[in-house]
Amino acid sequence: MTDSVDTPALLAWVREFARLVAANKQMLTELDSAIGDADHGANLDRGMTAVVAALEADAPADPAALLKKTGMTLISKVGGASGPLYGTAFLRMATSAGDASTLDPQAFAAALRAALDGVISRGKAALGDKTMVDALSPAVDALEAAVAAGKPLSSALSAAAAAAAAGRDEVTPLVARKGRASYLGERSAGHQDPGATSVTLLIEAAATAVGGA
């Protein structure tokens, strides 16, 4: 497994995320039915199915083009909050990638940092608000730390996936402060956040498809 991330590796990541979303669609919807609109799984599955179809119909030439097409498709196909948030994440990654034909581990980590910044900017959420940020932020921190320490991308992404899962679980007991779940107040405590859960799937997909975990 090479430590550079090229367009085929990113396509494999998107495909694996789509597969995980489809496999966990019911679980994501059940989580969302407890504290949201009961549509997170169905919406994200529809969006990722459209993304894979779009990428296969017209294969992008470089990482930025692939990431941009993914983001634009999600924004156009997914309702609710998840479409704009995931779409923004991928669009920010595309901007970060620039005209590079491959991304080294530092560049890939920088792209995920840009995705996190985009999600925070779009959703106005902070750590502890019980949103996708609570999984994505620790994942990016763990990835950057592992890459800075000279770890191979495979182990860096495994660490990121573990950090995402830990972040997801850490906020489950909390009261949601952002998003639809915040309307429930105290009743949102103890429910696993669907956005943090799907972000964990996103990072786990990267660990599998990009890192070769």
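Preceding this paragraph is the structure being described.
Residues numbered from 1 in each chain as written. Predicted model: local features only at pLDDT ≥ 70, side-chain atom pairs only at ≥ 80, totals over all residues. Heavy atoms only, no water.

(A) Inspection of the overall build of the protein chain at higher detail. Counting secondary structure elements, the protein chain contains 9 helices and 2 strands. Ordered by position in the sequence, the α and β elements of the protein chain form the string β-α-α-α-α-α-β-α-α-α-α. A compact globule built from 213 residues should have a C-alpha radius of gyration of about 17 Å, and the protein chain, at 16 Å, falls within 12% of that. Principal-axis analysis of the C-alpha atoms gives the protein chain an extent of 45 × 40 × 30 Å. Among the 213 residues that make up the protein chain, the fraction classed as buried is 51%. Considering only intrachain contacts with a sequence separation of at least 6, the fraction spanning at least 24 residues in the protein chain is 69%. Total accessible area on the protein chain is roughly 8,700 Å²; 54% of this is exposed by carbon and sulfur atoms. (Helix = DSSP H or I, 4+ residues; strand = E, 2+ residues; numbered from the N terminus. Rg over C-alpha atoms; globule rule 2.2 N^0.38 Å. Buried < 20%, exposed > 50% of the residue type's maximum accessible area, 1.4 Å probe, protein only. Contact = heavy atoms within 4.5 Å. Areas by Shrake-Rupley, 256 points an atom, 1.4 Å probe, with all protein chains shown as cover.)

(B) Seen up close, the packing of aromatic side chains. On inspection of all chains with the given rule, the structure shows 3 aromatic pairs. With 5.6 Å between their ring centres and 75° between their planes, Trp 13 and Phe 108 make a pair best called edge-to-face. Of this pair, Trp 13 sits in helix α1 (residues 7-23) while Phe 108 sits in helix α6 (residues 105-123); the two residues are 95 residues apart in sequence, bridging distant segments of the chain. By relative accessible area, which is 1% here, Trp 13 ends up buried. What links up through ring pairs into an aromatic cluster is the set Trp 13, Phe 90 and Phe 108. (Phe/Tyr/Trp six-rings, centres within 6.5 Å; stacked < 30°, edge-to-face > 60°.)

(C) Quick look at the nonpolar core. Within the largest apolar cluster, 61 residues are counted, with the highest numbers of intra-cluster contacts made by Trp 13, Phe 17, Met 93, Phe 108 and Leu 143. Broken down by secondary-structure element, the contributors of at least two residues to this core are α1, α3 (40-57), α4 (63-77), α5 (82-97), α6, α7 (133-148), α8 (153-171) and α9 (194-209). The element contributing the most residues to this core is α9, with 9 residues. (Core = buried A, V, L, I, M, F, W, Y, C linked by side-chain atoms within 4.5 Å.)

(D) Geometry of α3. With 18 residues, α3 extends 26 Å from end C-alpha to end C-alpha; this agrees with the ideal 26 Å at 1.5 Å per step. Among all positions of α3, only His 40, Gly 41, Asn 43, Leu 44, Asp 45, Gly 47, Met 48, Ala 50, Val 51, Val 52 and Leu 55 are buried. (Expected span 1.5 Å × (residues − 1).)

(E) Focus on the pattern of salt bridges. Summed over the entire model, instances satisfying the criterion amount to 7 salt bridges. A salt bridge links Arg 168 to Asp 169; its shortest N-O distance comes to 2.8 Å. Arg 168 sits in the buried class, given a relative accessible area of 17%. Since its relative accessible area comes to 40%, Asp 169 is described here as partly exposed. Taken together, the salt bridges that share partners define one network made up of Arg 113, Asp 141 and Glu 144. (Salt bridge = Lys/Arg side-chain N within 4 Å of Asp/Glu carboxyl O.)

(F) Main features of unusual backbone geometry. Phi at Lys 124 takes a positive value of approximately 55°, unusual for a residue other than glycine. A positive phi angle, close to 70°, is found at Lys 130, a residue other than glycine. Secondary-structure assignment places Lys 130 in the loop between α6 and α7.

(G) Representation of empty space enclosed by the protein in the model. A full pass over the atoms with the stated rule returns 1 cavity of 30 Å³ or more. Estimated volume of the largest cavity: approximately 50 Å³. Residue lining of the largest cavity: Trp 13, Tyr 86, Ala 89, Phe 90, Met 93, Leu 112, Ala 115, Met 132, Leu 136, Val 199 and Leu 202, and that is the complete set. Mapped onto the lining of the largest cavity, the elements with two or more residues apiece are α5, α6 and α9. The element that contributes the greatest number of residues to the lining of the largest cavity is α5, accounting for 4 residues. Here the lining of the largest cavity is composed, by residue class, of 11 nonpolar, no polar and no charged. (1 Å grid on protein atoms, 1.4 Å probe; cavity = no way out; pocket = protein on both sides within 12 Å on 5 of 7 lines; lining within 4 Å. Points joined across faces, edges and corners; volume = space filled by probe spheres on them. Nonpolar A, V, L, I, M, F, W, Y, C, P; charged D, E, K, R; others polar.)

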